[in-house]
Amino acid sequence: MTGLRTTGAAVVAGVVGNPIAHSLSPTLHNAWLAAAEIDGAYVPFAPGDEVAFERLLEGFRGGVVRGVNVTLPFKVAALSRANGADPTARAAGAANLLLFEPDGRIEARNTDGTGLLAAFAEQAPGVDLATGPVVVLGAGGAAQGAAVALRDAGSPLIRIVNRTMARAEALALRVAGEAYEIDACAQAFDGAVAIVNATSVGLPGVEGPPWPLDAAPQTAAVMDMVYRPLETPLLSAARARGMPTVDGLAMLIGQARPSFEAFYGQPPPASVDARVVLSEAMA
Ligand code: NDP
């Protein structure tokens, strides 16, 4: 692999969030840039609060920086500060990708849903999401993006399970789905073709209820968006039951691909094994 080439003519992009030090996006995008021998750079930005985030966006208007990925806690603000948005970002109510156009406009997109569907296609190719109910655990930003993507992919019914019922109901309304209390999770799992964990449960130190996988068909695919650790308790339990599983790293890579193409005008080079690059970075 050749080294990263960043000259004075480099195309600059990055990722904005707070905290951002843990982000794997710079490692991945810079590995792709180096392998493709693109004159570019991908750097992290950590504004302290929403006011600082808005100031950063104002400074970037005009395309000096080509674009940024956006992560917690700024995805909703990113959409609201943009001048235009693709249908996915509008439907999800959040953006994870902003492009700074030369005329000063900011275009918002959401590639999280693309990443989710790419992860299913890669790791659970035998599961057809259009053949039965899909359960989304959680109703935060990631769950919203997931629910919209699943609906657009042809899922006939989306069941939202969330600790805060009002948020479950609001999201269910958005995708014409059903809302469930966490205590009624077993009912939601009944007959599901897939289950997606979009809560923070599984992150180090975040404990949640024991998800009742026994209530789901053994053929249901279980996905966990959490990728640190890669093997979450939910995925371990699903594997122990012989269920197909999809991990959060596949989604992370799947959302990064269209972002890279939007920034640098070409798809990521096939010569890079993104999973190996990220696994090494996490080790
Ligand atoms: P939000 O803070 O917006 O939402 C968090 C969700 O988790 C809410 O539904 C919340 O419920 C629920 N939750 C939090 N703690 C608990 C608990 N102890 N028990 C039950 N439910 C709980 O976060 P995001 O939606 O942005 O992110 C969610 C997860 O998805 C994170 O782990 C994030 O890292 C991951 N993610 C992964 C991506 C990938 O590419 N792999 C992309 C985006 C996100 P309530 O509404 O009741 O508070």
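Computed from a predicted structure; not experimentally measured.

Rules and cut-offs
Residues numbered from 1 in each chain as written. Predicted model: local features only at pLDDT ≥ 70, side-chain atom pairs only at ≥ 80, totals over all residues. Heavy atoms only, no water. Axes fitted to C-alpha atoms, helices over the stretch in contact; angles between N-to-C directions. Helix = DSSP H or I, 4+ residues; strand = E, 2+ residues; numbered from the N terminus. Parallel < 35°, antiparallel > 145°, perpendicular 65-115°, else oblique. Left-handed = near helix turned anticlockwise from the far one by under 90°. Contact = heavy atoms within 4.5 Å. Pairing = 2+ DSSP bridges. Phe/Tyr/Trp six-rings, centres within 6.5 Å; stacked < 30°, edge-to-face > 60°. Buried < 20%, exposed > 50% of the residue type's maximum accessible area, 1.4 Å probe, protein only. Core = buried A, V, L, I, M, F, W, Y, C linked by side-chain atoms within 4.5 Å.

Asker: Can you help me understand the packing of helix H1 (residues 25-36) against helix H11 (residues 274-282) in this one?
Answerer: The contact between H1 and H11 brings their axes to 10 Å, and the two run at 135 degrees. Between H1 and H11, the crossing angle belongs to the class labelled oblique. Handedness of the crossing formed by H1 with H11: right-handed. Of the residues in H11, those touching H1 at Thr27, Leu28, Ala31 and Trp32 are Ala274, Val277, Leu278 and Ala281.

Asker: Help me understand the sheet that holds strand E2 (residues 40-45), please; the structure alone is not making it clear to me.
Answerer: Hydrogen bonds along the backbone pair up the strands of a sheet, which may run parallel or antiparallel. Read from one edge to the other, the open sheet built from six strands follows the order E2-E1-E3-E5-E6-E4, with strand pairing classed as mixed. Edge strands, defined here as strands with exactly one partner in the open sheet, are E2 and strand E4 (84-85). By the bridge criterion, two bridges tie E4 to strand E6 (residues 106-109) in an arrangement that is parallel. Within the sheet, the bridge partner assigned to Ala85 lies in E6 and is Ala108. Contacts between helix H2 (residues 50-60) and the sheet are confined to strand E1 (11-16), E2, strand E3 (67-70), strand E5 (97-100) and E6, with E5 contributing the most and set at about 35 degrees to the helix. Contacting E1, E2, E3, E5 and E6, helix H10 (residues 248-264) runs over the sheet at an angle of about 0 degrees to E5.

Asker: Please clarify how the packing of aromatic side chains should be interpreted in this entry.
Answerer: To describe a pair of aromatic rings, you give the distance between the ring centres and the angle between the ring planes. Taken as a whole and judged by the stated rule, the model has seven aromatic pairs. Relative to Phe263, the ring of Tyr42 lies with its centre 6.1 Å away and its plane at 50 degrees, an arrangement referred to as tilted. Within this pair, whereas Tyr42 is found in strand E2, its partner Phe263 is found in helix H10, the two being separated by 221 residues in sequence. Given a relative accessible area of 4%, Phe263 falls into the buried group. Look at Phe53 and Phe74: their rings are 4.6 Å apart centre to centre, the planes differ by 0 degrees, and that puts the pair in the stacked class. With Phe53 in helix H2 and Phe74 in the loop between E3 and helix H3 (75-81), this residue pair connects regions lying 21 residues apart in the sequence. An aromatic cluster is built from Trp32, Tyr42, Phe260, Phe263 and Tyr264, whose rings are joined through pairwise contacts.

Asker: What should I look at first to understand the nonpolar core in this one?
Answerer: Of all hydrophobic cores here, the largest spans 30 residues; its most connected members are Leu116, Phe120, Leu150, Ile160, Val196, Met223 and Met225. Residue assignment for this core shows that the elements contributing at least two residues are helix H5 (112-123), strand E7 (134-137), helix H6 (141-152), strand E8 (158-162), helix H7 (165-174), strand E10 (194-197), strand E11 (221-224) and H10. With five residues, H6 is the single largest residue contributor to this core. Among all residues touching Phe120, those that are not within four sequence positions of it are Pro125, Leu129, Ala194, Val196, Ala221, Met223 and Val246. Among the nonpolar cores identified, the runner-up in size contains 24 residues, and Trp32, Ile38, Ala262 and Val272 belong to it.

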